[in-house]
Amino acid sequence: MNYKSTRNPNITITSAQAIAQGLSHEGGLFVPETLPEITKSDILAFCDKSYAERAFDIFKLFLTDFTDEEIRHCVENAYSDNFDTENIAEISHLLQGTYILELWHGPTCAFKDMALQILPYLLTVSAKKTIPDKETAILVATSGDTGKAALEGFKNVKGTTISVFYPEDGVSDMQKRQMQTQEGENVFVCAVKGNFDDCQNGVKAIFTDEKIAAELEKAGIVLSSANSINWGRLSPQIVYYISAYAELVKNKEIEYGEKINIVVPTGNFGNILAAYYAKEMGLPVNRLICASNANNILTDFINTGVYDRNRAFYTTVSPSMDILISSNLERLLYHLSDENTELINQWFTALKETGRYEVTPEVKAKITDLFYAGCCNDTETKAAIKDCFESYSYLMDTHTAVAYKVYNDYKKNTGDGTKTLIASTANPYKFGAAVFDALGGNAEGLDEFDIIEKLEEMTHTVIPEPLAATRNKEIRFKGVIDRDKMPETVKDFLMK
Ligand SMILES: *Cc1c(COP(=O)(O)O)cnc(C)c1O
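The following paragraphs examine the structure supplied in this document. (Residues numbered from 1 in each chain as written. Predicted model: local features only at pLDDT ≥ 70, side-chain atom pairs only at ≥ 80, totals over all residues. Heavy atoms only, no water.)

Before going further, it helps to spend a moment on the overall build of the chain. Secondary structure assignment for the chain yields 22 helices and 16 strands. Radius of gyration (C-alpha) of the chain: 21 Å, near the 23 Å computed for a compact globule of 496 residues. Dimensions of the chain, computed from C-alpha atoms along their principal axes, come out at roughly 60 × 55 × 50 Å. Across the 496 residues of the chain, 58% fall into the buried class. Sequence separation of at least 24 residues holds for 73% of the intrachain contacts in the chain that already meet a minimum separation of 6. A total accessible area of about 19,700 Å² is found for the chain, and carbon and sulfur atoms account for 45% of it. The positive charge centre, built from 49 side chains, and the negative charge centre, built from 70, are 2 Å apart in the chain. (Helix = DSSP H or I, 4+ residues; strand = E, 2+ residues; numbered from the N terminus. Rg over C-alpha atoms; globule rule 2.2 N^0.38 Å. Buried < 20%, exposed > 50% of the residue type's maximum accessible area, 1.4 Å probe, protein only. Contact = heavy atoms within 4.5 Å. Areas by Shrake-Rupley, 256 points an atom, 1.4 Å probe, with all protein chains shown as cover. Lys, Arg positive; Asp, Glu negative; His and termini not counted. Charge placed at Lys NZ, Arg CZ, Asp CG, Glu CD.)

To continue, consider the side chain of Lys364. As for its position among the elements, Lys364 is in helix H16 (residues 361–370). It is Glu358 that comes nearest to the buried, bridge-free Lys364 among opposite-charge side chains, at 9.0 Å. Once residues within four sequence positions are removed from consideration, Lys364 is found in contact with Ile302, Asn303, Thr304, Gly305 and Val359. (Salt bridge = Lys/Arg side-chain N within 4 Å of Asp/Glu carboxyl O.)

Attention now goes to the site of the ligand. In the neighbourhood of the ligand, 15 residues make up the surrounding shell, with Lys112, Asp145, Gly267, Asn268 and Thr425 lying closest. One of the backbone nitrogen or oxygen atoms of Asn268 is found 2.7 Å away from an oxygen atom of the ligand. Within the contact set of the ligand, an oxygen atom lies 3.1 Å away from a backbone nitrogen or oxygen of Phe269. For the ligand, the accessible surface in isolation is 390 Å², of which the surrounding protein chains cover 96%. Of the residues assigned to the shell around the ligand, the class counts are five nonpolar, eight polar and two charged. (Near = heavy atom within 4 Å. Polar contact = N/O pair within 3.5 Å; in protein donor to acceptor, adjacent residues only side chain to side chain. Nonpolar A, V, L, I, M, F, W, Y, C, P; charged D, E, K, R; others polar.)

A few words on the pairing of strand S9 (residues 221–225). In terms of burial, S9 is largely enclosed, as four of its five residues are buried. The sheet contact formed by strand S6 (residues 135–141) and S9 spans five bridges and is parallel. Directly across from Leu139, in S9, lies its bridge partner Ser225. (Pairing = 2+ DSSP bridges.)

For the rest of this paragraph, the subject is the sheet that holds strand S2 (residues 12–13). In space, the three strands of this open sheet follow the order S2-S1-S3, with antiparallel pairing throughout. At either margin of the open sheet sits one strand with a lone partner, and together these are S2 and strand S3 (30–32). By the bridge criterion, three bridges tie strand S1 (residues 3–5) to S3 in an arrangement that is antiparallel. Its bridge partner lying in S3, Ser5 is registered against Phe30.

Close contact between helix H10 (residues 210–218) and helix H22 (residues 486–495) brings their axes to 11 Å; oriented N to C, the two are set at 5 degrees. With respect to their mutual orientation, H10 and H22 come out roughly parallel. On the side of H10, the interface is formed by Ile212, Glu215 and Leu216, while H22 contributes Pro487, Lys491, Leu494 and Met495. When its residues are assigned to classes, the contact of H10 with H22 shows five nonpolar, no polar and two charged. (Axes fitted to C-alpha atoms, helices over the stretch in contact; angles between N-to-C directions. Parallel < 35°, antiparallel > 145°, perpendicular 65-115°, else oblique.)

It is worth spelling out the environment of Tyr121 at this point. Mapped onto the secondary structure, Tyr121 falls in helix H6 (residues 119–130). Sequence-distant contacts of Tyr121, that is, excluding residues within four places in its chain, are made with His73, Cys74, Asn77 and Ala78.

Turning next to empty space enclosed by the protein. Following the criterion strictly, the structure yields one cavity of 30 Å³ or more and no others. Roughly 30 Å³ of volume is contained in the largest cavity. Where the lining of the largest cavity is concerned, the elements lending two or more residues are H6 and S9. (1 Å grid on protein atoms, 1.4 Å probe; cavity = no way out; pocket = protein on both sides within 12 Å on 5 of 7 lines; lining within 4 Å. Points joined across faces, edges and corners; volume = space filled by probe spheres on them.)

Take the layout of surface pockets next. A volume near 450 Å³ is recorded for the second largest pocket. Along the wall of the second largest pocket there are 23 residues; nearest its centre are Asp169, Gly170, Val171, Thr315 and Pro319. Elements with a minimum of two residues in the lining of the second largest pocket: helix H9 (196–207) and helix H19 (432–438). Element by element, the count of residues in the lining of the second largest pocket is highest for H19, at three residues. Within the lining of the second largest pocket, the residues separate by chemical class into nine nonpolar, nine polar and five charged.

This part takes up helix H20 (residues 448–459). With twelve residues, H20 should cover 16 Å at 1.5 Å per step; its first-to-last C-alpha distance of 16 Å lies within 8% of that length. Where H20 is concerned, the buried positions are Glu448, Phe449, Ile451, Ile452, Leu455 and Thr459. Buried residues in H20, looked at end-on, bunch into an arc of 160 degrees, giving them a common side. The inward-facing, buried residues of H20 abut helix H8 (173–180), helix H17 (378–392), H19 and helix H21 (465–469). Capping the start of H20, Asp447 holds a side-chain oxygen 2.9 Å from the backbone nitrogen of Phe449, two or three residues further along. Just past H20, the residue His460 takes up positive phi, approximately 55 degrees. (Expected span 1.5 Å × (residues − 1). Arc of directions from axis to C-beta.)

Moving on to the side chain of Thr6. Note that Thr6 resides in the loop between S1 and S2. Assessed through its relative accessible area of 0%, Thr6 is described here as buried. Engagement of the side chain of Thr6 in a polar contact is seen with the backbone nitrogen of Leu29, the distance being 2.9 Å. Among the polar contacts listed, one links the side chain of Thr6 to the side chain of Glu330, at a separation of 2.7 Å.

See the structure below:
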């Protein structure tokens, strides 16, 4: 299995190259040349396998340049007792036929762990094959969840270092605390005066600075990324949709062949794209439902075929979805335009220059066929948390609540009664203050830890151990810098 770039038809590389490199030189994203098939007998066989075994079988289809031993090494280390449940991902029931896929049982309590617990292993194997004897320096700009999950994944991984930048005032108190108390010998965390875009632009500037690249090269260091533009981040996400389907078959909730809807609270379009890939591989999926918060650029795009980022940016109670450029959409458009790299170049150049592009009627028709899109604001998100808790005694975080609300709208609008899987992307305690507020709690004078203790009393649920533990951990990283100090800060850390 080879990988192509979405922007240059002449590039064909192996999976190890795609993962080690992250992004193609001309700016394209790497995509598999063909999609392997997942059959009825695969799914039925998965019923009797563990999550790691299912992951092994699926990775074997995508990473054909890895040996069985290498893949086994990756999946067995990534999916074991670092998760608080043996199943790795759990399925909860709301009512008959509505299932919640809990993707937050990993060490940082957000779904990013599903990919970032395995990425360091995939990356070190890939680097050994393609750039031996070099140290990989991961740079991350984060709005909260990716940074912490990447730090946990890469901490103390030999041959790697990781530097994370977050906006000083753009993350939740719990997210900040999680990052500032990060353990590990090869980690660096720093706050930036500015917003997420400032961090992201700062990191991009370091990636494209030839002088820095030359200095690092001399020191034997190669920069790489842990964002979902990396195929090594995206492919692990395909696994949990296939695994969840097998689990539903195993539990006799569905029969093999029965189509299900999948609802995904969406930001960078990585998680829902993985569901699309699972469907294209043959998983029986009916509709993909894309849920957005007040930053509803994807809702508009899916409904009109026009992507227009010339609009206000909102800070919401679901911050991990506060995003105006959903990078992974490029992969979808590449497939839906029949791999037309010319069109992709045209659209993404237009996006860069004017902030807007419009897809062809053919592509628009395919999108409408596959996806339903909806959005909701903060008031509706909080009402959804309250409604779900009061109706089903199920406590959701602010991101999952967006999906729940959009799914209820979908049912009302379409009357579709197909069984449905809702992706739950974070543990509610990660966004405890907003969840507490949604349930009518009064947080006046309380700090983050007081609030989650109150939430625990109020809902008879349990604060996850890794979040509770941050209270007494030493704060290791207090630094706050101006954006233009990012390059020298990174160099100081890497060259010390
Ligand atoms: C990252 C994140 C999302 C958005 O996922 P994408 O793959 O970027 O669409 C949603 N919810 C939470 C909690 C997240 O951390």
